[in-house]
Amino acid sequence: PYGLPLDETTIAEVMKDAGYRTTAIGKWHLGFCSENYTPTFRGFDSYQGYLIGSEDYFKHTLDWHHVEGYDFRNSSFEAKDILPPTAKGFIGTYSAYIFTQRAIDVATHHAAAYPTTPLFTYLPFQSVH
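Here the structure is a predicted model, which means the values were calculated and not measured. (Residues numbered from 1 in each chain as written. Predicted model: local features only at pLDDT ≥ 70, side-chain atom pairs only at ≥ 80, totals over all residues. Heavy atoms only, no water.)

Caption draft 1: The arrangement of the sheet that holds strand β1 (residues 21-27) in detail. Within the open sheet, the four strands sit side by side as β5-β2-β1-β6. Their pairing is mixed. Single-partner strands in this sheet number two, and they are β5 (73-74) and β6 (119-122). Bridge count for β1 against β6 is four bridges, and the pairing is parallel. Within the sheet, the bridge partner assigned to T23 lies in β6 and is T121. Of the strands in this sheet, β1, β2 (46-50), β5 and β6 touch helix α2 (residues 95-113), which is tilted by about 175° from β2. (Pairing = 2+ DSSP bridges. Helix = DSSP H or I, 4+ residues; strand = E, 2+ residues; numbered from the N terminus. Contact = heavy atoms within 4.5 Å. Axes fitted to C-alpha atoms, helices over the stretch in contact; angles between N-to-C directions.)

Caption draft 2: Just the environment of T117, in detail. Within the secondary structure, T117 sits in the loop between α2 and β6. In this structure the C-alpha to C-alpha distance between T117 and Y20, which are 97 residues apart in sequence, comes to 6.2 Å. Once you skip the residues sitting within four places of it in the chain, T117 turns out to touch G19, Y20, R21 and H110.

Caption draft 3: Region of the structure containing empty space enclosed by the protein. In the structure shown here, the tally under the stated rule is one cavity of 30 Å³ or more. Roughly 70 Å³ of internal volume is contained in the largest cavity. Taken together, R21, T22, T23, D45, S46, F77, V106, H109, H110, Y114 and L119 make up the lining of the largest cavity. Contributing elements (two or more residues each) for the lining of the largest cavity: β1 and α2. In terms of residue class, the lining of the largest cavity is made up of four nonpolar, five polar and two charged. (1 Å grid on protein atoms, 1.4 Å probe; cavity = no way out; pocket = protein on both sides within 12 Å on 5 of 7 lines; lining within 4 Å. Points joined across faces, edges and corners; volume = space filled by probe spheres on them. Nonpolar A, V, L, I, M, F, W, Y, C, P; charged D, E, K, R; others polar.)

Nothing here speaks to function; it is geometry throughout.
The following block contains the structure:
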């Protein structure tokens, strides 16, 4: 299988051990060959974004050898150990706008639900790098 080895500790796991709530938003690209490689199984409490290495900024698809596949996940704010479902409601919206709004929504939810707990947000935008 391809991905960050399961015996490697992620920054999310370190932050959880330090008492933080954790969220990942945006590009994952650290494995999805099984759900155990995905963000909500690697220390993140919630996740919104895509698991593959690249995708269209608006359609949220990858065209691989003329086969187009949709890859956009959106979890609830409490999704630890749950593989987020695909979410087609974002088709046509620029990914940076989606990810920015999610960061705002997570911070707002966190402030209300966990006012004394710190929040760690991992937010790798899709933009060219």
